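The chain contents come next:
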Amino acid sequence: MSSFVLDKESFVRRIKRLYTEWKAPSTGHDDALSNLDCIMSVVGVDEDVIYSKSMALQLWLLGYELTDTISVFASDAIYFLTSKKKIEFLKQAQNISEEGVPEIKLLVRDRTDKDQANFEKLIKTIQNSKKGKRLGVFTKDAFPGEFSEAWKKMLSAAKFEHVDISTIIAYLMCPKDEAEINNIRKASLVSMEIFNKYLKDEIMDIIDSDRKVKHTKLSDGCEAAIGEKKYTSGLDPRLLDMAYPPIIQSGGAYSLKFSAAADKNHLHFGVIVCSLGARYKSYCSNISRTFLVNPTEAMQENYTFLVNVQEEILKLLIPNSKLCEVYEKTLAYVKKEKPNMVDNLTKSFGFAMGLEFRENSIVIGPKCQALIKKNMVFNLHVGISNLTNPDAADKEGKTYALFIGDTVLVGDTAPASVMTPSKKKIKNVGIFIKDDDDEEEDVDDKKATKPDQSTEILGRSKRNAVLDSKLRNEINTEEKRKEHQRELAQQLNERARERLAKQGNSKEVEKVRKNTVSYKSMSQIPREPEVKELKLYVDKKYETVIMPVFGIQVPFHISTIKNISQSVEGEYTYLRINFFHPGATMGRNEGGLYPQPEATFVKEVTYRSSNIKEHGEVAAPSANLNNAFRLIKEVQKRFKTREAEEREKEDLVKQDTLILSQNKGNPKLKDLYIRPNIVTKRMTGSLEAHTNGFRYISVRGDKVDILYNNIKSAFFQPCDGEMIILLHFHLKYAIMFGKKKHVDVQFYTEVGEITTDLGKHQHMHDRDDLAAEQAERELRHKLKTAFKSFCEKVEAMTKAQVEFDTPFRELGFPGAPFRSTVTLQPTSGSLVNLTEWPPFVITLDDVELVHFERVQFHLRNFDMIFVFKEYNKKVAMVNAIPMNMLDHVKEWLNSCDIRYSEGVQSLNWQKIMKTITDDPDGFFEQGGWTFLDPESGSEADNESAESEEDEAYNPTDAESDDETDEDDSEYSEASEDESDDSDELGSDEESGKDWSDLEREAAEEDRNNDYATDDKRNGKFESKKHGKSSKHSRREREEQRSSHSKKHKSNSSSSSHLKSSSSKHGSSSSPSKSSKDKYHNRDKHHSSSSSGHKSSGKDKDRKRSREDSRDNGHSKSKKSRH
């Protein structure tokens, strides 16, 4: 028991309430406490006892059930008699010293004398409390066992006057505090989950498949469902239980009481009454509904009337009203609306609920005088029994009953809030089936059926059930989603416009760089000899460099210096100092960097000094520059480091001071790593919960404080399928540690080997491996238990101010929010990836809408964009989500009521968001976010706009002719190259030649090249052998001349050919001449290849150089175009 933590604040508050009521009773309808001398309760051991006032009082005060414990509340002290382990737990209360709380004394059980000495002490305590005669007890509580029986004998021998205080204690515990309400909310949520996701679906399946299932089997299934994770909303199953065995009734046998039990009869397809309730941390909830299979008009009318009666009672549950008055007013309403139903109504309309399922003394009935108080919780139920259905086809359907019930919370004003808001109108619980005989008639009737009719009957070949809440009609899942998305789209623009209107025109203030001043007065300037001698001097104190300029000492603050460089050239050392000035940072926003941007700025200063040491000098003159260079670098580094830290800190929100709790029972976890690391090396530490926040202390002594009020989201990710178990905190405002700001802080520990030694021989039956696996399973279970216990203690300690959310692994899908692909897992309010670092956390409440990009059938992946409600915030993007997960992601977003849209293109979100923030009114007047909807026609507009952009450039005839001519010329060159290759392949002369033959041919070809060069210089051009080539060159020469006169572009192209071609054979200034030389080379090349006097290696080099020159020419022509 020492590991359990007592909620001291709740204990003190509730003890004070008990003693205050005892000393000065405020309850008018019951004055049992006023004349009491002492209060006593005993809790024994009996597994059959689920509810008792003694256990309820114990749970209310201590938060835990302590068996074999006697509690005596005397006027001046409180005594607890129990075992040694439980005493360790109660010692937490012993140290409390507050006004209004009596002294707490603990007695340890002594089995040697069967607690006789302890019993005598308690008897004396009762006798010494006030008059010592009247003892307040719970008369109906009777626990078996040796300990309880021995105490009863001792108590009866003392002959005290026993007074039953069950009613007044129940009324005292009735108004719930915030922690109790949260527990009941969670219990109610589990009740709804089991009812909607298990029981309703099971009944639908039974009716749909026409199976025979007993009521008891359905009831047992509900009890089993409370142990399954998908029905428990992420709560610990160990803290959950059924408040009572679920009740399923049908077939004419109905008992509208919670003491009834499900019988072994088969489920009848008529009127089905279902009631179930879950408990969480011993706090109860309840939900009751009635399913109507093929109801008649009269049955539907009666059911609608019953729902109206419940809504009328909700309006009457207001503080300071008597419960009997609520009953009477409800009865009057029934007499007015349907007088014939008065005798069929249930005898009461509900009762108070909390640690006990039913408070018998606080009932919405005709005799209860208790006043309603704020934060009371009621099981509000109303029913009509013994109704007849003359149109029933069988005997079981002749008699029926209707019953609805909910867990409700009384607030400041009417109506009371329903904590189990499961739909209960006739269209949600009405089941309409049909047989094959009526199919033909229904086909004709369908045409006359109105589309808005809620009880539409659909014909199918087999008996089939259609529940409106399941929407089993012609609409498929995709259409349902689209319908819901259309509703969300309508709401989205309205809410966004309202939100932006409230925010107003709050634009970000441009940050102005602080103007650094070296010296505020002349007196601060140093009087050092270097300054007087007009040398460079670095003032470390004021972070200033004093430079001689035209014989005057001029101070420059270190922030004005951009960089410095030093060089030695011959006998001199040069020191160059570059300054910041407007235009120095190209492409950056210089808005607030310069207070006076129109002033004259010094760009750079260079100093020169001799390296030669004159006779009598201690050091060379350049020593001053060397020293200045070193000091400027040092001061600049220190200044930049401080500036970086200040920039990190400037956006920080000041946090409250952590209030340390000296309680040794604070929730604590040891041997945890922190991410991001405080220092480079990874270190372990311990995380402890204090009064208003957490403190993490590393083994080195580093401290990181996280306050509860700064936690936006807290996550607990167990080690199921992971190698680490972690707690993650997503903060509202960044905190600083390790010299950096962090919004996400994580504490984790490893549960297995992250790396595996592949060289190690492993065998499936190796004992060591089996033992290691077993040890790892035990470690995982131990760590999971420890982390869960820590989370529950923190939630209880903070009164649910910090609630840990657990990711739903089964709903996860892969995606790449950063560089690598990870598994993104939804939680109840976020989308997270916590295993990989950096983490990815998206709070769904902050999301305006989600847009899917690149949604096309032929693509394997798509991207997801999160647009936030704060439009100035950068959108978040998740890339590379598999296309087969699209429906899964849509279904999840739709269930979270988040608007989504999709498109085939990637959008420029930076420009889109800037457009919206610049003119939000204009954006919403033009339709707002509907431009993302593919059905809005915006995509067609975008396509037409793109086509207009494509058609914006219409080339002239001359340009088109030039381009075709260039293409023709390239084609002709390529074709000739191909002919060259074919000639090479067909040549037989080169095969079998030795090195001497090849050298002789190379020399002969060099001579030919020299003659060709001379011919070019003389302006000769050979064109007889290759008429085709010369003809082509002539045509190109004419076209180049015409294009040169029309467009400069063609001239640039031809000149580029000139440059690349003439680089080998000399320079030429005429474009026509260059083309002549170019084609002359090609003709010559053909002639040499045909005669066989050509080296294959050189030919290839020549071809490659020609292609390179052609490519260079084209690239230069492209540049000239642009």
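Coordinates for the structure precede this section.
Predicted model, so just to flag it, every value in this text is computed and none were measured.

S.K.: Outline the overall build of the chain, listing residues and values.
M.R.: The helix and strand inventory of the chain stands at 26 helices and 41 strands. Counting every position in the chain, which comprises 1122 residues, the buried fraction comes to 45%. Expressed as a percentage of contacts within the chain between residues at least 6 apart in sequence, the contacts between residues at least 24 apart total 66%. For the chain, the computed accessible surface area is about 61000 Å², with 48% contributed by carbon and sulfur atoms.

S.K.: Could you give an account of the packing of helix H7 (residues 178-209) against helix H8 (residues 215-225), naming the residues involved and the relevant values?
M.R.: Across the interface, H7 lies against H8 with an axial gap of 10 Å and an inter-helix angle of 150°. Here H7 and H8 pass one another in a crossing that is right-handed. When H7 is examined against H8, the residues Ile194, Tyr198, Leu199, Glu202, Ile203 and Ile206 are found in contact with a partner set consisting of Leu218, Gly221, Cys222 and Ala225. In the contact of H7 with H8, the residues fall into eight nonpolar, one polar and one charged.

S.K.: Tell me about the pairing of strand E36 (residues 830-833), residues and numbers included.
M.R.: Across the two faces of E36 the burial is the same, with Ser830 and Val832 and Leu831 and Asn833 all buried. Where strand E35 (residues 822-826) and E36 come together, two bridges link them in antiparallel fashion. In the strand pairing of E36, Pro826 is matched with Leu831. As defined by bridge partners, E36 adjoins strand E37 (residues 840-843) across four bridges and the pair is classed as antiparallel. Pairing of Asn833 across the sheet is with Phe840, part of E37. Joining the antiparallel neighbours E36 and E37 is a turn of six residues.

S.K.: Could you give me a rundown of the sheet that holds E36, with the residues and numbers involved?
M.R.: One open sheet accounts for four strands, arranged E34-E35-E36-E37; its pairing is antiparallel. Edge positions in the open sheet fall to strand E34 (813-815) and E37, since each of these has one partner strand only. Across the sheet, the mean angle from the axis of one strand to that of its neighbour is 25°, orientation sign disregarded.

S.K.: Give a detailed account of unusual backbone geometry, specifying residues and quantitative values.
M.R.: With an omega of -5°, the peptide bond between Arg675 and Pro676 qualifies as cis. Summarising the element assignment, Pro676 is placed in the loop between strand E26 (668-675) and strand E27 (684-689). The step from Trp837 to Pro838 runs through a cis peptide bond, and the omega angle for that step is 5°. Looking at the secondary structure, you find Pro838 in the loop between E36 and E37. Backbone geometry places Leu534, a non-glycine residue, at a positive phi of 60°. The residue Leu534 is located in the loop between helix H14 (529-532) and strand E20 (537-539) in this model.

Each value, and the rule that gives it
Residues numbered from 1 in each chain as written. Predicted model: local features only at pLDDT ≥ 70, side-chain atom pairs only at ≥ 80, totals over all residues. Heavy atoms only, no water. Helix = DSSP H or I, 4+ residues; strand = E, 2+ residues; numbered from the N terminus. Buried < 20%, exposed > 50% of the residue type's maximum accessible area, 1.4 Å probe, protein only. Contact = heavy atoms within 4.5 Å. Areas by Shrake-Rupley, 256 points an atom, 1.4 Å probe, with all protein chains shown as cover. Axes fitted to C-alpha atoms, helices over the stretch in contact; angles between N-to-C directions. Left-handed = near helix turned anticlockwise from the far one by under 90°. Nonpolar A, V, L, I, M, F, W, Y, C, P; charged D, E, K, R; others polar. Pairing = 2+ DSSP bridges.

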